[in-house]
Amino acid sequence: MASNGNPLPMHPSARPKTLMESLLVAKMEQATVGHPGKPLVRTDSADSASSMGSVTSTTSDFCRCDDCLLGIADLYAQTPAEENKQKKKPSGWRKLRNIVQWTPFFQTYKKQRYPWVQLAGHQGNFKAGPDQGTILKKLCVKEEKCFKVLMKDVLRPYVPEYKGLVASDDGECSYIQLQDLLGDFVSPCVMDCKIGVRTYLEEELAKAKEKPKLRKDMYDKMCQIDSNAPTEEEHRMKGVTKPRYMVWRETISSTATLGFRIEGIRKGDGTSSKDFKTTKSKEQISRAFQDFTEGFPHAVPKYIQRLKAIKATLETSQFFSNHEVIGSSLLFVHDRFNANVWLIDFAKTIKLPEEVKITHSSKWKVGNHEDGYLIGVNNLISIFMTMLEQQPVAVSPPLTLPDPPEIAEMQKHEENT
């Protein structure tokens, strides 16, 4: 008891820890494994996943900036000698504010950062951007040129924002800096759909036909998917030509028939799948979409709305009218609160020759440059519309409810009198 009659404040070790405090202490102890006795401080990293480190300098003072771990964490990390050196204790509000800022358990209060989810393409093409809300993608000159044009086109709201070039630390390669489309989502579910009736350029096919040679690696890939796909001659030679493989690959999925195929799906719980090489029929696609959106009933109508807006914008886009869009994808993202779709990947998108005009919805023949992009968009809308029609209809409560028995009895009595 103090001289003024008030009880002395308890040292934190003398009272049970709250759940919040226990979580903080456990995390601090985990971060100091291998460094016993050393307190924790914030490092220079802005990323919360790597923002804690052991003190390696001789100083034992905690950083007092607003971004550091204060309050409750200080009480458990400091030694008694350090506690005596501390002249001013932080206020209760400052404690809570800094706990919220530092603790990953409360990151919903801040704009979150997520690693870029790469579902398709060559691994290692992406890395975290220098600024929050951005990612870096390895430079492709064709793609950068497309983004510069798209930033001035009506399609701009439907593609990631282009923020310029960034050189790597060693100066050996460059990256394009793009808006991180996942940044505003919480535990997002992501799906990559490759759009179009083919994923190779006509010039790629022509080049492969110039000097065709048997490829054992492509023969092996073909056999892994369907051992009956190669002809007797191809089985005997144990090889297929690249043009043969390129054309065959599009026919085993929904690319050639529906104008799109699923490249990969990643759920909010971290599970992912790329096993869609032979997902071909509308029924198979629909089952995959249903699994993707299960538990998120708001996603399907929002996807439909966004796809219809994309279609209408494509039909008025100058960029779309004079480009052959090959190997591009639509990225579907949803969480518990929102859902959205964007156009991504323009590494194989090239400007059409002046004399060539395409509809993006006609059948492709060698030389006509048709990509079938709108065929894919139309089929996506159709499949999602069918899914929406099959969703259980929510039953609205009746507009009027029956009166309680005592009220009904009183009304009946009044009528009789």
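Residues numbered from 1 in each chain as written. Predicted model: local features only at pLDDT ≥ 70, side-chain atom pairs only at ≥ 80, totals over all residues. Heavy atoms only, no water.

1. Some details on the environment of Met 191
Among the structural elements, Met 191 can be located in strand E7 (residues 189–195). Exposure remark for Met 191: the relative accessible area of 0% places this residue in the buried category. For the pair formed by Met 191 and Leu 331, sequence separation is 140 residues and the distance between their alpha carbons is 5.8 Å. (Helix = DSSP H or I, 4+ residues; strand = E, 2+ residues; numbered from the N terminus. Buried < 20%, exposed > 50% of the residue type's maximum accessible area, 1.4 Å probe, protein only.)

2. Here we look at the packing of helix H6 (residues 202–210) against helix H9 (residues 242–251)
Running from N to C, H6 and H9 cross one another at 145°; their axes reach a closest spacing of 8 Å. Across from Glu 204, Leu 205, Ala 208 and Lys 209 in H6, the residues of H9 making contact are Lys 242, Pro 243, Met 246 and Val 247. In terms of residue class, the contact of H6 with H9 is made up of 5 nonpolar, no polar and 3 charged. (Axes fitted to C-alpha atoms, helices over the stretch in contact; angles between N-to-C directions. Contact = heavy atoms within 4.5 Å. Nonpolar A, V, L, I, M, F, W, Y, C, P; charged D, E, K, R; others polar.)

3. Digging into the nonpolar core
By size, the foremost hydrophobic cluster in this structure holds 50 residues, and its most contacted members are Phe 289, Leu 330, Phe 332 and Phe 384. Here the element with the most residues in this core is helix H14 (residues 373–390); it accounts for 8 residues. Ignoring sequence-local partners within four residues, the contact set of Phe 332 consists of Cys 189, Val 190, Met 191, Cys 193, Phe 292, Tyr 303, Leu 307, Asn 340, Val 341, Leu 380 and Phe 384. (Core = buried A, V, L, I, M, F, W, Y, C linked by side-chain atoms within 4.5 Å.)

4. A closer look at the packing of aromatic side chains
Within the structure shown, the criterion is met by 13 aromatic pairs. Considering the side-chain rings of Tyr 245 and Trp 248, the 5.8 Å spacing of their centres and the 40° angle between planes classify their relative orientation as tilted. Taken together, the residues span about one helical turn, with Tyr 245 and Trp 248 both in helix H9 at a distance of 3 residues. For the pair Tyr 245 and Trp 248, one class covers both residues: buried. Between the aromatic rings of Phe 292 and Tyr 303, the centroid separation amounts to 6.4 Å while the plane-to-plane angle is 5°, which identifies the pairing as stacked. Placement of Phe 292 in helix H11 (residues 282–293) and of Tyr 303 in helix H12 (residues 299–314) is noted, with a sequence separation of 11 residues between them. Like Phe 292, the residue Tyr 303 is buried in the burial classification. Among the aromatic side chains, those forming a connected cluster through ring pairs are Phe 260, Phe 289, Phe 292, Tyr 303, Phe 332 and Phe 384. (Phe/Tyr/Trp six-rings, centres within 6.5 Å; stacked < 30°, edge-to-face > 60°.)

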